[in-house]
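So the chains spell out like this:
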Amino acid sequence: MHPPGVDTHIRISYRSLVWQCNEKYRGQHCSTPHLTEGEIKAAFLAAFNIVLGNRDEITEAYEEVIAALTDTADLDAEQETLENESEVVLGLIQKIISENAQTAMDQEEYNRRYDAYSERFEAARKRMAEIAELRQERNAKKTRIRLFMENMNNHQELVQSFDEELWYSTVDYVTVYEDKRLVFTFRDGRQVEVTAELWKAA
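What counts, and at which threshold
Residues numbered from 1 in each chain as written. Predicted model: local features only at pLDDT ≥ 70, side-chain atom pairs only at ≥ 80, totals over all residues. Heavy atoms only, no water. Core = buried A, V, L, I, M, F, W, Y, C linked by side-chain atoms within 4.5 Å. Buried < 20%, exposed > 50% of the residue type's maximum accessible area, 1.4 Å probe, protein only. Helix = DSSP H or I, 4+ residues; strand = E, 2+ residues; numbered from the N terminus. Contact = heavy atoms within 4.5 Å. Expected span 1.5 Å × (residues − 1). Salt bridge = Lys/Arg side-chain N within 4 Å of Asp/Glu carboxyl O. Pairing = 2+ DSSP bridges. Polar contact = N/O pair within 3.5 Å; in protein donor to acceptor, adjacent residues only side chain to side chain.

Asker: Provide a residue-level description of the nonpolar core, including the pertinent values.
Answerer: Across soluble globular proteins, nonpolar side chains show a tendency to be buried alongside one another. One finds Phe-44, Phe-184 and Phe-186 to be the most contacted residues of the largest nonpolar core, which totals 29 residues. Broken down by element, the residue count for this core peaks at 9 residues, all from helix H2 (residues 37–53). Residues in contact with Phe-186, not counting those within four places in the same chain, are Phe-44, Ala-47, Phe-48, Val-51, Phe-148, Thr-170, Val-171, Asp-172 and Val-192. Ile-93, Ile-96, Tyr-110 and Tyr-117 belong to the second largest nonpolar core, which has 7 residues in total.

Asker: Now, about H2: what can you tell me, with residues and values included?
Answerer: The end-to-end C-alpha distance of H2, which contains 17 residues, comes to 25 Å, matching closely the 24 Å that a straight helix rising 1.5 Å per residue would cover. Of all 17 residues in H2, 12 are buried, a share of seventy percent or more. Along H2, the positions that sit buried rather than exposed are Glu-39, Ile-40, Ala-42, Ala-43, Phe-44, Leu-45, Ala-46, Ala-47, Phe-48, Asn-49, Val-51 and Leu-52.

Asker: Outline the pattern of salt bridges, listing residues and values.
Answerer: Within the structure shown, the criterion is met by 9 salt bridges. The partner of Glu-109 in a salt bridge is Arg-112, and the shortest N-O contact between them spans 2.7 Å. Of this pair, Glu-109 and Arg-112 both sit in helix H5 (residues 107–153), separated by 3 residues, roughly a single helical turn. Put simply, Glu-78, Arg-127 and Glu-130 are held in one network by salt bridges that share partners.

Asker: Mind laying out the pairing of strand S3 (residues 191–194), listing which residues take part and the relevant values?
Answerer: Alternating positions in S3 separate cleanly, Val-192 and Val-194 being buried on one face and Gln-191 and Glu-193 remaining unburied on the opposite face. In terms of strand pairing, strand S2 (residues 182–186) meets S3 through 4 bridges, oriented antiparallel. For Phe-184, the partnering residue across the bridge sits in S3 and is Val-192. The hairpin formed by S2 and S3 contains 4 residues between the paired strands, and Gly-189 there has a positive phi angle of roughly 100 degrees.

Asker: Tell me about the side chain of Thr-185, residues and numbers included.
Answerer: Its location among the elements puts Thr-185 in strand S2. Within the local environment of Thr-185, its side chain forms a polar contact with the side chain of Gln-191, the two groups lying 3.1 Å apart. With sequence-adjacent residues up to four places away left out, Thr-185 is seen in contact with Val-171, Asp-172, Tyr-173, Arg-190 and Gln-191.

Printed below as a string of structure tokens:
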């Protein structure tokens, strides 16, 4: 996404993309209309003021979302189960390696059991890595929501002039359509559609 001060076309690929028109520089046809810096700013003000108008509804909804993101009991329980599984399977792997070193085991049977244990161990470790990533995603989303809420609550009245800091701290990306309809996706995940008629009147 280019910052608001950049004058550029916006590429549309079937449904949507954002500010930069990659197709233009690849020699492809770009049917997205040209938007000036002033138009983009006006559209943002219209979208953000729509959000402000739904402040109470948003606040109530996001308190529940933040509570859900904070609760990691499900991930904690699964993590503990997987750690126990990993420990048990690792013990089995070490045991079979020791047995194979001390006695003349059938190597086909040894390989079969070793591979089975290894697959179980790797599956558990992979899932633990996924759980760690889920925790990071939840924390990141919680941080984005809190920042968004803070910015929204700092504006008790409708915003009358463009604020670059407000833009960067609240907008994730913007989708633009051929009819100059813009869909703002804010950092909390909320989407607001602004028609050309609406932002021209802003």
